[in-house]
Amino acid sequence: MSADDPAAAGFAVARCHCRGVEIEARFPSRFCAHCYCASCRTTHAAGVVTWIGFPRGQVRFTRGEDLLKAYESSRGTVRRFCGRCGTRLTFESSHGRWAEEIHLPLALFVTAADREPAANSFAAERPAWAPFHDFGP
Ligand SMILES: [Zn+2]
Ligand SMILES: [Zn+2]
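Remember, it's a predicted structure, so these values are computed and weren't measured experimentally.

S.K.: Just checking my understanding: could you explain the pairing of strand 8 (residues 88-93) for this structure?
M.R.: Strand residues, when the strand is regular, have side chains that alternate between the two faces of the sheet. In terms of strand pairing, strand 7 (residues 77-82) meets strand 8 through five bridges, oriented antiparallel. What sits directly across from valine 78, in strand 8, is glutamate 92. Turn length for the strand 7-strand 8 hairpin, with the two strands adjacent in sequence and antiparallel, is five residues, and the turn residue glycine 86 shows positive phi of about 85 degrees.

Take a look at the structure:
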């Protein structure tokens, strides 16, 4: 059992670029997927955003919650980011199948998560230039 073993740790840590905000996410996560939707593309200024989803009760801010700013990207869907460095931190929706979850960008994790990307979301919205991994049917 090593310190690098995510199962042993039981949680993973994510940080924004300025390190002002730190998040602890307790395993198990629910999914990990690449999202190609137009809202993720624009709000993150990226061709694809890789999300890992957790039940809300398993995620807590261990530092910098006061730095958070929120943006409602569509009705009932809030994306939070660091008000100091601008790093996008969370996706939460008050309705639909993700209502009980909080989604975090996998790119922000500084310790190992408990799963890797295994699916594509909104692939139909992917621009031709964005990188793509085919997970099959
Ligand atoms: Zn920051
Ligand atoms: Zn998306």
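This is not the end of the story, as more comes after the structure.
S.K.: Mind showing me how you'd approach the environment of arginine 115 here?
M.R.: Relative to the helices and strands, arginine 115 is located in the loop between strand 9 (101-105) and strand 10 (120-121). The residues contacting arginine 115, other than those within four sequence positions of it, are Ser29 and Cys32.

S.K.: Looking at this structure, I do not really get the nonpolar core. What am I missing?
M.R.: A general trend in soluble globular proteins is that nonpolar side chains are found buried together. Counting residues in hydrophobic clusters, the biggest one holds 23 residues, and the most contacted among them are Ala14, Ile23, Ala25, Cys35, Trp51 and Leu104. Elements with a contribution of two residues or more to this core: strand 1 (11-15), strand 2 (22-26), strand 4 (49-55), strand 7, strand 8 and strand 9. Dropping the residues within four chain positions of it, leucine 104 is found in contact with Ala14, Ile23, Ala25, Trp51, Ile52 and Thr90.

S.K.: Quick question: what am I supposed to make of unusual backbone geometry here?
M.R.: When glycine is set aside, most residues are seen to have a negative phi, and most peptide bonds are trans. In this chain, phenylalanine 27 is followed by proline 28 through a cis amide linkage whose omega measures 5 degrees. Even without being a glycine, alanine 45 presents a positive backbone phi close to 50 degrees. Note on placement: alanine 45 falls in the loop between helix 2 (38-44) and strand 4. With phi around 50 degrees, phenylalanine 122 is a residue other than glycine that occupies positive phi space. Here phenylalanine 122 is to be found in the segment after strand 10.

The rules behind these values
- Residues numbered from 1 in each chain as written.
- Chains lettered and ligands numbered in written order.
- Predicted model: local features only at pLDDT ≥ 70, side-chain atom pairs only at ≥ 80, totals over all residues.
- Pairing = 2+ DSSP bridges.
- Helix = DSSP H or I, 4+ residues; strand = E, 2+ residues; numbered from the N terminus.
- Contact = placed C-beta atoms within 7 Å.
- Core = buried A, V, L, I, M, F, W, Y, C linked by C-beta atoms within 7 Å.
- Buried ≥ 20, exposed ≤ 12 C-beta atoms within 10 Å, placed from the backbone.

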